[in-house]
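# Examining the three-dimensional arrangement
One-letter residues, chain by chain:
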Amino acid sequence: MKSTTSTVKTSNGAARKKPPFRSLYSKPELEEMFRRFSIQRPEPKGELEHVNPFTLVVAVALSAQATDAGVNKATRALFKVADTPEKMLALGEEKVRDYIKTIGLYRNKAKNVIALSQMLVDRFGGEVPRTREELVLLPGVGRKTANVVMSMAFGIPTMAVDTHIFRIGNRIRLAPGKTPDEVEDKLMRIIPAHYLFHAHHWLILHGRYCCKARKPECERCVIADLCRSPEKTCDIPAPLVELPPQQIGE
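Residues numbered from 1 in each chain as written. Predicted model: local features only at pLDDT ≥ 70, side-chain atom pairs only at ≥ 80, totals over all residues. Heavy atoms only, no water.

Looking now at the nonpolar core. In this structure, Val-58, Met-88, Val-96, Leu-116, Val-128, Leu-135 and Leu-138 are the most contacted members of the largest nonpolar core, which totals 34 residues. Broken down by element, this core gets its largest block of residues, seven residues, from helix α2 (residues 53-62). Filtering out sequence-adjacent residues up to four positions away, Met-88 remains in contact with Phe-54, Val-58, Leu-78, Phe-79, Ala-82, Val-96, Val-113, Ile-114 and Ser-117. Listed in part, the 32 residues of the second largest apolar core include Leu-30, Val-161, Ile-191 and Leu-203. (Core = buried A, V, L, I, M, F, W, Y, C linked by side-chain atoms within 4.5 Å. Buried < 20%, exposed > 50% of the residue type's maximum accessible area, 1.4 Å probe, protein only. Helix = DSSP H or I, 4+ residues; strand = E, 2+ residues; numbered from the N terminus. Contact = heavy atoms within 4.5 Å.)

For the rest of this paragraph, the subject is the pattern of salt bridges. A complete count under the given rule lists 16 salt bridges for this structure. Between Glu-29 and Arg-228 there is a salt bridge whose closest N-O contact spans 2.9 Å. Taken together, the residues Glu-29 in helix α1 (residues 27-40) and Arg-228 in the segment after α11 (196-209) connect sequence positions 199 residues apart. On the basis of relative accessibility, which here comes to 21%, the residue Glu-29 falls in the partly exposed class. Owing to a relative accessible area of 30%, Arg-228 belongs among the partly exposed residues under this scheme. A salt bridge links Arg-208 to Asp-68; its shortest N-O distance comes to 3.2 Å. Residue Arg-208 is found in helix α11, and its partner Asp-68 is found in helix α3 (residues 68-81); the two are separated by 140 residues along the sequence. (Salt bridge = Lys/Arg side-chain N within 4 Å of Asp/Glu carboxyl O.)

Let us look at the environment of Arg-36. On the secondary structure map, Arg-36 appears in helix α1. Taking the C-alpha atoms as reference, Arg-36 lies 19 Å from Gly-46; in sequence the two are ten residues apart. For Arg-36, the residues in contact, after removing those within four places along its chain, are Val-222, Ile-223, Asp-225, Leu-226, Pro-237 and Leu-240. A polar side-chain atom of Arg-36 sits 2.6 Å from a polar atom in the side chain of Asp-225. (Polar contact = N/O pair within 3.5 Å; in protein donor to acceptor, adjacent residues only side chain to side chain.)

Take a look at the structure:
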């Protein structure tokens with residue numbers, strides 16, 4: 001595949017090209033890879049339960065170093081009583097802690113939930129902002145969280161690199177990188193534009209249910225023939241069929 005380049009701004013504001021990235025996958029191979037993912041999961045969804053952009057921000061912030069299932073169990077009751085920044089502030093940090101105490105780092109996360117709720121009220125009129133630059137100002141919200149919110153709440157194509165995508169990017173040599181930002185940048189450059197909106201979820205779900213961390217299940221992989229991973233144990237792709245609808249929150 002031809003190398004791809006993009007630009008960054010230097011400290012004085014001038015634009016310069018990033019070093020070229022030469023993908024191991026050709027454009028037709030990338031097209032075929034995401035075509036198969038699109039057939040397997042036509043409408044992939046994030047697995048964090050939420051009812052609006054605010055509860056999505058909170059859920060994603062809580063999911064750091066925690067499973068989606070664990071977060072969902074904790075937030076079901078919380079979001080019934082506090083689904084807006086104002087209601088969350090009225091609840092208070094101590095009661096938020098009580099709701100989320102089954103989640104790792106719950107004390108610090110409760111503090112962040114209250115702090116981000118306060119900033120949303122004070123600075124954004126109680127509304128979740130739509131830009132990455134504004135989202136990352138919120139306590140407990142980093143680039144990954146901002147990207148998830150932009151995609152899931154506002155339909156803006158982004159690539160939120162979590163542990164699954166970071167692993168997939170490196171394991172199958174799709175977008176090798178030492179940092180999540182590096183993997184994100186490469187994925188954004190090589191994923192076919194018409195597949196970009198769902199690509200984040202396809203890669204997460206592929207990593208969660210097939211290309212698993214401890215032992216990838218290559219015999220169940222629909223891209224086994226395309227995969228460049230030195231770890232793979234099978235070259236024959238699994239039958240390409242649509243999977244049953246996701247059971248969100250299970």
